Amino acid sequence: MRLLLIAAFTICVGFATACAGKLDGLDLSKTQYDINYRLKGDGLDKMDELGFVLYPTMEEEIYDLYGSFTRSSTTPIFISADLPYHTLHLMVDYTVRIMELEELLPKLEELTEGMLAEAERDYKKTSADLKEAARAEFIYFAVAAKLLELDVELAAQDAKLVKKELEKIERHSGLEDVSFLPEIKEDYSQYVPRGHYTRSEEFGRYFKAMMWFGRLPLHIPKEDKPLLPMQTALLISLNLEDNDDLKTLWKEIYEPTAFFFGCADDLTPEQLIEAADDFYTEKLNPDVFADETRLREFAQELRSDFKPKILSEFALSTGKEQIEIPVSMRFMPQRFVPDSYIFSQLTFDRVTAYQGKPEPKPFTWGMTAVGAMRVFPRGLDAMGVLGWETAEEILRKDGDTEYMGYEEQYQKMVKWYNGLPEEERKSSVYFRWFELFRLYREACAPKKVDACAWESKKLLTALGSWTELRHDAILYAKQSYTAVGTAAPPPPLRLAYVEEAPELYEAMAECARVIAGFAEEGSRIADSYESFAITLDNLADYARKQQKGQNLSAEEHSYLWYVSSTLRNLPYNLGNVVLSDADQRMALVADVHTDLNSSQVLEEATGSPARILVLVEIDGKSYVAQGGTFSYFEFKHDMADRLTDEAWQQMVQDGKTPDMPTWTEVIFAE
């Protein structure tokens, strides 16, 4: 009995201690019996310590939760800021949905059809100097038209390119080269319809086409980059400028979405053509853009005058110098939003090497080719810039600020946002929504609660609302990307070594000259074989020098470095040769013997080339050099199905070849 009394006393003391804080002796079992059953254990402790506590529920909507609260004479209802924040989200989201289906989608279809027709005219009539750009313009709008499921007539060669792009979009394949624009990569994973765009087939079509128009960059090139994307952008912009109906349609799509989600971060067609008008003295027409010298001058001016803020595409960085965000025109660009800008400035390569503890690694940590970097931002970064001290404290506690350059970049962002003029803070619904977070930061805690802990609740609310905002803007907000770390490559090693078979090269050169002599003198065939023979002569000379222990000159090393390109071009100099896709691959097959007893043939085949790594000595120093060799197959096959090159190449591609001969095992790695 004594032990029982002691235990009971301990429990009472414990309860009294627990309730000696914010509850101040409040006995809920007597004052608020309808919720007393919820406040037990840890919940009671937190209520007494902080003055509030949160519980998860299984309700589907916040409105359902509020609806489940029964009227009570003892328990009041608390209307959190979360409720109006959530309502704002639904209001905006539903408004945008109505606008998109009733107004924007039909206009987008009409605009795309019109721009496709303009592009087709360019394709047919543009001069040879701009033919490839006109073709790219046509493919660009043909893909969009297909995404919108509009009828498009395409020549076979164009249909192939359009199909490639559609396939990449449909399989959401991640980062790949754009098939019709040189040196441009796109993240095709962006084309997965999400947000409210999964709700109907019409939303899905609209999403994919607008994502295409919003993301695919038509770069304004640096000095060594192709001009084709810029020429394509200028043709598009000129067509839009010269057609009042299409220009009106474009504005009727852009302006309502800008009202909600802000202005473009990349060049619009209108901005590009206005800049071209200022730069060129003559009246603009397609032929003006064929002058490459002036076009590069114009590109340099554009890159000097126009500076996008958000990196939203593939870019390489060594981390030693901050990369210049590529300048590009996009037909219907995604929009500048403050959080994406903040994220761009607080991740690699604006913020670099991790300087914190090895373990535990912070959320933002990631490995790149140049070391551990801040590869992810956090929503807390945006809230911290808005002045939420709690967000900043969490980032520091979690190690997410332990990076070279973070503090400087963070303060830069704070200064940037605080310095924004009032009109920019009110320039779109999105910006206004961001201002709501800043205002909510100043909201007071209920008098009875722990003010410090309440800051965490407010932060939770703000981040929840921000998530809804990003959901609503999933199609329009320009998403920030982390630069891809790449180690600065060492200077190119322009050394080479030729296999020491000079007699072979000499005999081959002799054979080439025999064929050249057989051909008509001065013909392309004769000239090509003579060129081949000269190349073989050089190989023989270099091989003999190596055999004698003589060093090759820098010019000879350079010659060998590029000799494969020289040899590759020779067959195409012979004349007009009928080729097929099968000629683009090394693999080929020939049946060389037939056995009627077994009804089989002996097939001899080459597959994809093998890589060879070989230890050589150059200028008295050992190296492992790399080159290429044949692969070889020998096998029996049904004579009724003698293999063609196409069939064999398909087997190679599908990984369905027989094994190579066993004797090759000694020289091939497993």
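On a predicted model such as this, the values are computed, not experimentally measured, just so you know.

Participant: Help me get a handle on the packing of aromatic side chains, residues and values and all.
Facilitator: Between two aromatic rings, the relevant description is the distance of the centres plus the angle of the planes. Scanning the entire structure with this criterion turns up 42 aromatic pairs. Each ring, one from Tyr 341 and one from Trp 416, has its centre 4.8 Å from the other, and the planes form 80 degrees; the classification is edge-to-face. In this pair, Tyr 341 is assigned in helix α14 (residues 338–345) and Trp 416 in helix α17 (residues 406–418), connecting sequence segments 75 residues apart. Feature note: the residues Tyr 85, Phe 336, Tyr 341, Trp 388, Trp 416, Tyr 417, Tyr 430, Phe 431, Phe 434, Phe 437 and Tyr 440 constitute an aromatic cluster, connected by ring pairs. In this structure, Lys 185 is placed above the aromatic ring of Phe 314, and the distance from its NZ or CZ to the ring centre is 5.7 Å. One residue, Lys 361, lies across the ring of Trp 365, its end atom 5.0 Å from the ring centre.

Participant: Kindly report on the pattern of salt bridges, identifying the contributing residues and their values.
Facilitator: Following the criterion strictly, the structure yields 43 salt bridges and no others. Between Glu 201 and Arg 205 there is a salt bridge whose closest N-O contact spans 2.8 Å. With a gap of four residues between them, Glu 201 and Arg 205 both fall in helix α9 (residues 201–215), about one helical turn apart. Overall, Glu 201 belongs to the partly exposed group, its relative accessible area being 41%. What makes Arg 205 buried here is its relative accessible area of 12%. Between Glu 556 and Lys 545 there is a salt bridge, with the nearest N and O atoms lying 3.0 Å from each other. Taken together, the residues Glu 556 in helix α23 (residues 554–561) and Lys 545 in helix α22 (residues 524–547) connect sequence positions 11 residues apart. Residue classification places Glu 556 among the buried positions, given a relative accessible area of 15%. Lys 545 sits in the partly exposed class, given a relative accessible area of 22%. Each of Asp 265, Asp 266, Glu 313, Arg 330 and Lys 478 takes part in a single network of salt bridges with overlapping partners.

Participant: Could you give me a rundown of the packing of α22 against α23, with the residues and numbers involved?
Facilitator: For the pair α22 and α23, interaxial distance at closest approach is 12 Å and the crossing angle is 125 degrees. One element, α22, and the other, α23, form an angle in the oblique class. α22 and α23 meet at a crossing whose hand is left-handed. When α22 is examined against α23, the residues Thr 535, Asn 538, Leu 539, Tyr 542 and Lys 545 are found in contact with a partner set consisting of Glu 556, Tyr 559 and Leu 560. Grouping the constituent residues of the contact of α22 with α23 by class yields four nonpolar, two polar and two charged.

Participant: Mind laying out the packing of α14 against α17, listing which residues take part and the relevant values?
Facilitator: Remark: α14 packs on α17, axes separated minimally by 9 Å, with the N-to-C direction vectors making an angle of 155 degrees. On the basis of the axis angle, α14 is roughly antiparallel to α17. Seen from above, α14 lies across α17 with right-handed handedness. Between α14, through Pro 338, Tyr 341, Ile 342 and Gln 345, and α17, the contact on the second element is made entirely by Gln 409, Lys 412, Met 413, Trp 416 and Tyr 417. Taken together, the residues of the contact of α14 with α17 break down into six nonpolar, two polar and one charged.

Thresholds applied
Residues numbered from 1 in each chain as written. Predicted model: local features only at pLDDT ≥ 70, side-chain atom pairs only at ≥ 80, totals over all residues. Heavy atoms only, no water. Phe/Tyr/Trp six-rings, centres within 6.5 Å; stacked < 30°, edge-to-face > 60°. Helix = DSSP H or I, 4+ residues; strand = E, 2+ residues; numbered from the N terminus. Lys NZ or Arg CZ within 6 Å of the ring centre and 35° of its normal. Salt bridge = Lys/Arg side-chain N within 4 Å of Asp/Glu carboxyl O. Buried < 20%, exposed > 50% of the residue type's maximum accessible area, 1.4 Å probe, protein only. Axes fitted to C-alpha atoms, helices over the stretch in contact; angles between N-to-C directions. Parallel < 35°, antiparallel > 145°, perpendicular 65-115°, else oblique. Left-handed = near helix turned anticlockwise from the far one by under 90°. Contact = heavy atoms within 4.5 Å. Nonpolar A, V, L, I, M, F, W, Y, C, P; charged D, E, K, R; others polar.

The quantities given are spatial measurements derived from coordinates; they are silent on function.
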